[in-house]
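Chain and residue survey
In case you want the letters, here they are:
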Amino acid sequence: MPENEPRNHLTEVAFTSLDMLPAVQAGVVKAGFSHCTPIQALTLPLALGGRDVAGQAQTGTGKTAAFLLVIFQRLLEKQPSEPGRHPRALVLAPTRELALQIHKDALLLGGETGLRFALAYGGIDYEKQRTVLEQGVDILIGTPGRIIDYFKQGVFNLKQIDVMVLDEADRMFDLGFIKDIRYVLRRLPPRDQRQSLMFSATLGQRVLELAYEHMNEPELLKVETDQVTADNVQQSVYYPANREKLPLLVQILRGIKDGRVMVFANTRVATDRVERTLNANGIHAAAMSGQVPQKKRQTLLKRFHDGEIPVLVATDVAARGLHIPDVTHVINFDLPQDAEDYVHRIGRTARLGARGEAISFACEHYAFHLPEIEQYIGYPIPMAYADEETLPEIKRAAPAPKREHRGGGRGRSSQGHRSGGQRKPAGPNRSAAGDKPTRRRRRRKPKATTNE
């Protein structure tokens, strides 16, 4: 650990003091862990003993390592005489990126266990993932939709599941996965015949109801803190006019040297506009939203992780479930419309005790969300000032290319009115491109026209 890295995120509980098998301890040593984070110190003693646990802690505090170590310990203690084909542990994650990160951590921590890991997530590698599953797996990590898909096809069954983990449970609700989650949970062995672990940044009422319904008398564990956000995140908020946002963003980014910055916007259109503007002004940036294909998203994240791209512009698809070390700054180009999303966004920096900075723009469109955010985190965000006269003149990026629509819609065609004074009809008898009528035409009652 570097000398200048804060150590106050760790407890006095050493991993060597925990009753874990040598193969499990070997993964801890390989990862360079010595002492537990608060959520690990609360969770591991109980969970290693077989208890069901529902844990709440801030993002980036080591929850993934906690449940992976429990899985390894339990499966090795109950190692069958011969490896089977069907999974013995199931980890459900709300996003592809989180599933990939969990799998990466599992390979690191579980490299000495001999256990087999497999991924199942949508958007890529359908047949490749299926082939791996058919060859046999001990720990299955994935998103609900793809796992249900393979399950319904009989690629594997869930009768052998001995450990079930639900990660980012509150996010499952936010993304509308709760029906899929219940579908999976109801096909597992009875709750008193398996161990269940649930982790989340927040344990609201709906999450607790899910826990009590599908877990065996879970122990609720919360890392107590006076603040919802990490103490080592320096926060500030500017109040720019809408037209000042892009110049202010360029000015701030030009002042960040050797940083790794995530810029959040609320819509895909906004991320595209910010990305094009930054690149037009000499700042290397890439945009990521839910519309970006999965393979490209993975490539962008790797390049950002490796430092090839210093600025990643994203929607909330990147606000949770990603572990990207050394993010120095988070900039809310648009304030989020949900207070919890603010916490998850700025949680991309200052992970595991590092320091970070979170800068927000309370603009004309989104400033009214600020009181709710400040009420949720429990304190006002310090105000920052920017002199309008010092804002740089920036190059405006060219508009995004739009599909040309000739003659479609409600306006006139490029040739004006049709013979007879009638406008070209719009709607069902126009093609998708809007430039030629389809062969099938309906005779319509002529519309009255006026000379304009």
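Residues numbered from 1 in each chain as written. Predicted model: local features only at pLDDT ≥ 70, side-chain atom pairs only at ≥ 80, totals over all residues. Heavy atoms only, no water.

1. Some words on the overall build of the protein
Definition in use: Secondary structure is summarised from DSSP: a helix means a run of H or I of at least four residues, a strand means a run of E of at least two, and numbering begins at the N terminus for each. Pairs of residues are marked as contacts when any of their non-hydrogen atoms sit within 4.5 Å. Areas reported here follow the Shrake-Rupley algorithm with a probe of radius 1.4 Å; residue values treat only the protein chains shown as occluding.
Counting its regular elements, the protein contains 14 helices and 13 strands. Pairs at least 24 residues apart make up 75% of the contacts formed inside the protein by residues separated by at least 6 positions. As displayed, the protein has an accessible area near 22,800 Å², and 48% of this comes from carbon and sulfur atoms.

2. Observations concerning the nonpolar core
Filter applied, for reference: Take the buried Ala, Val, Leu, Ile, Met, Phe, Trp, Tyr and Cys residues and link them wherever side-chain atoms come within 4.5 Å; each set so joined is a nonpolar core. Throughout this description, buried means an accessible area under 20% of the type-specific maximum (1.4 Å probe, protein chains only), exposed means over 50%, and partly exposed covers the range between.
If you look at the biggest cluster of nonpolar residues, it comprises 43 residues, and the most contacted ones within it are Phe67, Ile71, Phe72 and Ile139. The element best represented in this core is helix 3 (residues 63–77), accounting for 10 residues.

3. Details of the sheet that holds strand 12 (residues 329–332)
Which entries qualify depends on this criterion: DSSP-based pairing: two strands are paired if at least 2 bridges between them are found. Each axis is a line fitted through C-alpha atoms, and for a helix only the stretch in contact is used; angles between axes span 0 to 180 degrees, taken between their N-to-C directions.
With parallel pairing, 6 strands are arranged side by side in an open sheet as 8-13-12-9-11-10. Where the open sheet ends on each side, the last strands, each with one partner, are strand 8 (233–238) and strand 10 (285–288). Taking each pair of neighbouring strands and ignoring which way they run, the sheet shows an average axis angle of 20°. Strand direction decides the pairing type here: strand 8 and strand 13 (residues 356–361), joined by 6 bridges, are parallel. Across the sheet, residue valine 233 finds its bridge partner in strand 13, namely glycine 356. Helix 10 (residues 245–254) rests against strand 8, strand 9 (261–264), strand 11 (311–314), strand 12 and strand 13 of the sheet, and its axis sits at about 165° to strand 13. Packed onto the sheet, helix 11 (residues 268–280) meets strand 9, strand 10 and strand 11 and runs at close to 170° relative to strand 10.

4. A word on the packing of aromatic side chains
Quick note on the threshold: Centres within 6.5 Å are what make two rings of Phe, Tyr or Trp a pair, Trp counting through its six-membered ring; a difference in plane orientation under 30 degrees is then read as stacked, over 60 as edge-to-face, and the rest as tilted. Both a distance and an angle decide whether a charge sits over a ring: NZ of Lys or CZ of Arg must be within 6 Å of the ring centre and within 35 degrees of the ring normal.
Here the structure, examined in full by the defined rule, presents 8 aromatic pairs. Centroid distance phenylalanine 151 to phenylalanine 156: 6.4 Å. Interplanar angle 45°. Geometry classified as tilted. By the ring-pair criterion, three or more aromatic residues cluster together here, those being Phe151, Phe156 and Tyr183. The ring of tyrosine 183 has lysine 152 lying over it, and the distance from NZ or CZ to the ring centre is 5.2 Å.

5. A look at the pairing of strand 1 (residues 53–56)
The pairing of strand 1 with strand 6 (residues 195–200) spans 4 bridges and is classified as parallel. Looking at strand 6, one finds that valine 53 is bridged to leucine 197. Bridging between strand 1 and strand 7 (residues 219–222) involves 4 bridges; their strand directions are parallel. When the bridges of strand 7 are listed, glutamine 56 appears paired with lysine 222.

6. Quick notes on helix 13 (residues 339–346)
Basically, it comes down to this: Nitrogen and oxygen atoms within 3.5 Å of one another constitute a polar contact, given that in protein one can donate a hydrogen and the other can accept it, and given that sequence-neighbouring residues count only through two side-chain atoms.
Among the 8 residues that make up helix 13, 7 are buried, leaving the element largely enclosed by the rest of the structure. Along helix 13, the positions that sit buried rather than exposed are Ala339, Asp341, Tyr342, Val343, His344, Arg345 and Ile346. Backbone nitrogen of glutamate 340 and a side-chain oxygen of the N-cap are separated by 3.0 Å at the start of helix 13; the cap is aspartate 338.

7. Description of the pattern of salt bridges
What counts, and what does not: Note on definitions: salt bridges are taken to be side-chain nitrogens of Lys or Arg within 4 Å of carboxyl oxygens of Asp or Glu.
For the structure on display, the rule yields 14 salt bridges. A salt bridge links aspartate 306 to lysine 302, with the nearest nitrogen and oxygen atoms 2.8 Å apart. The class for aspartate 306 is partly exposed, based on a relative accessible area of 40%. By sharing partners, the salt bridges in this structure join Arg74, Lys78 and Asp162 into a single network.

8. Describing helix 6 (residues 144–152)
Within helix 6, burial applies to Pro144, Arg146, Ile147, Ile148 and Tyr150. Where the residues of helix 6 are buried, they touch strand 2 (89–92), strand 3 (117–120), helix 5 (126–134), strand 4 (139–142), helix 7 (169–174) and helix 8 (178–185). Among the residues trailing helix 6, glycine 154 stands out with phi positive, at a value near 80°.

9. What to know about unusual backbone geometry
Keep in mind that most residues, glycine aside, have a negative phi and that most peptide bonds are trans. The residue aspartate 125 is not glycine, and still its phi comes out positive at about 55°. Among the structural elements, aspartate 125 can be located in the loop between strand 3 and helix 5. Even without a glycine there, the phi angle at glutamate 168 is positive, about 50°. For glutamate 168, the position within the fold is in the loop between strand 5 (163–167) and helix 7. A relative accessible area of 6% places glutamate 168 in the buried class.

10. Brief notes about the sheet that holds strand 7
With parallel pairing, 7 strands are arranged side by side in an open sheet as 3-4-2-5-6-1-7. Every other strand in the sheet has two partners, leaving strand 3 and strand 7 as the edge strands with one partner each. Pairwise comparison of adjacent strand axes, ignoring direction, gives a mean angle of 15° for this sheet. Together, strand 1, strand 6 and strand 7 form the strand contacts of helix 2 (residues 38–47), whose direction differs from that of strand 7 by roughly 160°.

11. Observations regarding the side chain of glutamine 25
Of note, glutamine 25 is situated in helix 1 (residues 22–31). A distance of 2.9 Å separates the side chain of glutamine 25 from the backbone oxygen of phenylalanine 15, its partner in a polar contact. Only 3.4 Å separates the side chain of glutamine 25 from the backbone oxygen of leucine 18, close enough to count as a polar contact.

12. Focus: the environment of alanine 287
Looking at the secondary structure, you find alanine 287 in strand 10. Overall, alanine 287 belongs to the buried group, its relative accessible area being 10%. Apart from residues lying up to four places away in sequence, alanine 287 is in contact with Thr271, Asp272, Glu275, Val292, Leu300 and Val313.

The quantities given are spatial measurements derived from coordinates; they are silent on function.
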